[in-house]
Amino acid sequence: MLFRSLEVALHEAVAHRLLVVTGDGYDVRHALLREALTADLLPGQRNRLHLAVAEALADKDVPAESARHWYAAGDRPRALAGFVAAAAAAQTAIAWAVALAHYERALRLWPDVADAESRCGFDHAELLRRAAEVAMAEGETRRAQRLTEASMAEVDSRAAPLRAAALRILMGRIHWVEGDLTAAYGSYEEAVTLLPAEASTRERAQVRALQGHAFMLQ
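The written sequence of each chain sets the order in which its residues are numbered from 1. Restriction of local features to residues with pLDDT of at least 70 applies here, the model being predicted, together with a cutoff of 80 or more for giving and counting side-chain atom pairs; totals for whole chains, interfaces and linings are based on all residues. Water and hydrogen atoms play no part in the side-chain values, which are based on all heavy atoms of the structure.

(A) Spatial organisation of the overall build of the protein chain. Secondary structure elements follow DSSP: runs of H or I of four or more residues count as helices, runs of E of two or more count as strands, with numbering from the N terminus. A tally of regular secondary structure across the protein chain gives 12 helices and 2 strands. Its helices and strands in sequence order give the protein chain the pattern α-β-β-α-α-α-α-α-α-α-α-α-α-α, from N to C terminus. To sort residues, take the accessible area from a 1.4 Å probe on protein chains only and compare it with the maximum for the residue type: under 20% means buried, over 50% means exposed, and anything in between is partly exposed. Taken across its 218 residues, the protein chain has 34% of its residues classed as buried. Taking as baseline every contact in the protein chain between residues at least 6 positions apart, the subset at least 24 positions apart corresponds to 42%. By definition in these notes, contact holds between two residues if any of their heavy atoms fall within 4.5 Å.

(B) Structural context of the side chain of Thr141. As for its placement among the helices and strands, Thr141 is situated in helix α9 (residues 141-154). For Thr141, a relative accessible area of 14% corresponds to the buried category. Apart from residues lying up to four places away in sequence, Thr141 is in contact with Ala135, Ile174, Val177 and Glu178.

(C) Fine view of the environment of Arg143. Along the polypeptide, Arg143 turns up in helix α9. Given a relative accessible area of 25%, Arg143 falls into the partly exposed group. The spatial distance from the C-alpha of Arg143 to the C-alpha of Ala131 is 9.1 Å, given a sequence separation of 12 residues. With near-sequence residues (within four places) excluded, Arg143 lies in contact with Glu104, Leu107 and Ala135. Contacts described as polar in this section are N or O atom pairs within 3.5 Å, which, within protein, must combine one atom able to donate a hydrogen with one able to accept it, while residues neighboring in sequence count only if both atoms come from side chains. There is a polar contact of 2.8 Å between the side chain of Arg143 and the side chain of Glu104.

(D) Layout of the packing of α9 against helix α10 (residues 161-178). Packing of α9 against α10 brings their axes to within 10 Å, and their N-to-C directions diverge by 165°. What the angle tells us is that α9 and α10 run roughly antiparallel. Relative to α10, the crossing made by α9 is left-handed. Of α10, the residues touching α9 (which contributes Thr141, Arg142, Ala144, Gln145, Thr148, Glu149, Ser151 and Met152) are Leu167, Arg168, Leu170, Met171, Ile174, His175, Val177 and Glu178. Following the grouping adopted for this structure description, the nonpolar residues are Ala, Val, Leu, Ile, Met, Phe, Trp, Tyr, Cys and Pro, the charged ones are Asp, Glu, Lys and Arg, and the polar ones are all others, Gly among them. Looking at the contact of α9 with α10 residue by residue, the class counts come to 7 nonpolar, 5 polar and 4 charged. Orientation is described by lines fitted to C-alpha atoms, with helices fitted over the stretch in contact, and by angles between N-to-C directions that extend from 0 to 180 degrees. Here is the rule for angles: anything less than 35 degrees is roughly parallel, anything more than 145 is roughly antiparallel, 65 through 115 is roughly perpendicular, and the remaining ranges are oblique. Note on convention: near helix rotated counterclockwise from far helix by under a right angle means a left-handed crossing. Clockwise means right-handed.

(E) The pattern of salt bridges, seen in detail. Here a salt bridge means any side-chain nitrogen of Lys or Arg lying within 4 Å of a carboxyl oxygen belonging to Asp or Glu. Within the structure shown, the criterion is met by 12 salt bridges. Salt-bridge contacts for Arg143 lead to Glu104; the nearest nitrogen and oxygen are separated by 2.8 Å. Within this pair, whereas Arg143 is found in helix α9, its partner Glu104 is found in helix α6 (residues 96-109), the two being separated by 39 residues in sequence. The shortest N-O distance in the salt bridge between Arg158 and Asp156 comes to 3.8 Å.

(F) The arrangement of the side chain of Asp75 in detail. Position of Asp75 among the secondary structure elements: in the loop between α4 (63-72) and α5 (76-92). With a relative accessible area of 17%, Asp75 lands in the buried category.

(G) Highlighting the nonpolar core. In this structure, Leu80, Val84, Leu127 and Leu147 are the most contacted members of the largest nonpolar core, which totals 30 residues. Looking at this core, the elements that each hand over two or more residues are α4, α5, α6, α7 (116-120), α8 (124-138), α9 and α10. Those residues in contact with Val84 that lie beyond four places of it in its chain are Ala106, Cys120, Phe122 and Leu127. What we call a nonpolar core is a set of buried Ala, Val, Leu, Ile, Met, Phe, Trp, Tyr and Cys residues that are connected through their side-chain atoms within 4.5 Å. In terms of nonpolar packing, the next biggest core, distinct from the first, is built from 9 residues, Ala165, Ile169, Tyr188 and Ala199 among them.

(H) Representation of unusual backbone geometry. Phi at Ile94 takes a positive value of approximately 60°, unusual for a residue other than glycine. Following the sequence through the fold, Ile94 ends up in the loop between α5 and α6. Here Ile94 falls in the exposed class, since its relative accessible area comes to 56%.

In structure tokens form, the structure reads like this:
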């Protein structure tokens, strides 16, 4: 009986052009009407609605949409993981600006999630590094530099020399994109210094090649 009543109500809403059919679902026809309906909801109702949508999207491959609903529902741990997944998907699609926006959201959420590292599968320094990579790709070099510096501050060069060297290489690439070849060369030199004795010949050669490129252009 309840399903029949819902079906009749939906039919009337579509007939009166309040809703439109979208595949196997419905959407509000006008943005202003959607805003009015949302504004009319009580906080608890709004949270439950976003939670229901997020759960419905759980098995769909739409991480950005899911993350937004988890966040609106107040579930910050799942929102954090969702924004990180959405950023990775955007990177794969070479949508740098979108990826950066998702990483920025994840960075803002990180302090509020107690098990953030286990949720994301990596630590805060790695999140900063990933955000820096896409910021550089997007041409936001100043932001990329600040993110890389923040990541470098969290990585112990004695405990993780290869990781610290990789961050210096990233900084060198950022300087190179900015046109500061002297700074780029210096960052690559720092990377070489940080490389441990057990670093492979290939790893050393890659850094030296980047350094040589910057020196040649300089």
